[in-house]
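# A look at the structure
Here is what each chain is made of, one letter per residue.
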Amino acid sequence: MAFPEDVLTEDEHVVLHLHPHWKALVRPILVLVLAVAAVVAGWVLLPEGGGGTIALYAVAAIGLLLALWLGLWPFLVWRTTHYLFTNERVLLQQGVLSRERRDLPLTRINDHSMSQRFVERLLGCGTLTIESAGERGQSVLRDVPRVDRVQTRLYELVEAHHDKHSLGDGEMRDILADMREGRPLRDPSA
């Protein structure tokens, strides 16, 4: 379930493509192991015969439901959650059966911050909060792996995008000098 490349513009390229940290998979794996252990224990410990067989089927059915609900579903949510950083924007996509996508253009990012609890510092993940101009204002990305590096990379992307799309002091002086002398304006990027 890779991120579809067709959502990128012609000059856009992916800088970082992340899923939430692997710690989101700990509980689903534990549920799966416990469900299998319960079925094996029921198979070994329950008596053979009518009542034992019915009880074993009941334990197996409950184990299967729990494995699907608390094991497979969180895995699918993790796998279909994408944090994509490009040279033009940040794309946030999530959803198993339905899909939700949010684009944050780098030009509209006002601020970004990260936070890590003690356990998150040990595991190397954390929460990245991105504030942008617009209605929805704040986007919170939870369980971002290597959140400190991601925040630094986001800062670099925002600054590089700003530098690419703004005039430097020398370029502005040349434009003002051309205007004073009545010369036609030239493209500063040429």
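Structure: above.
The structure reproduced in this document is the subject of the present report.

What counts and what doesn't
- Residues numbered from 1 in each chain as written.
- Predicted model: local features only at pLDDT ≥ 70, side-chain atom pairs only at ≥ 80, totals over all residues.
- Heavy atoms only, no water.
- Salt bridge = Lys/Arg side-chain N within 4 Å of Asp/Glu carboxyl O.
- Axes fitted to C-alpha atoms, helices over the stretch in contact; angles between N-to-C directions.
- Helix = DSSP H or I, 4+ residues; strand = E, 2+ residues; numbered from the N terminus.
- Parallel < 35°, antiparallel > 145°, perpendicular 65-115°, else oblique.
- Contact = heavy atoms within 4.5 Å.
- Nonpolar A, V, L, I, M, F, W, Y, C, P; charged D, E, K, R; others polar.

### Digging into the pattern of salt bridges
As enumerated under the stated definition, the model contains 6 salt bridges in all. Linking R117 and E120 is a salt bridge whose minimum nitrogen-to-oxygen distance equals 3.3 Å. The network of salt bridges with common partners includes K23, R117, E120 and D143.

### Describing the packing of helix α1 (residues 26-45) against helix α2 (residues 50-79)
At a minimum axis separation of 8 Å, α1 and α2 run at an interaxial angle of 170°. Between α1 and α2, the angle falls in the class roughly antiparallel. Residues R27, P28, V31, L32, A35, A38, V39, G42 and W43 of α1 lie in contact with α2, whose contacting residues are L56, V59, A60, G63, L66, A67, L70, G71 and P74. Among the residues forming the contact of α1 with α2, the class breakdown is 14 nonpolar, 3 polar and 1 charged.

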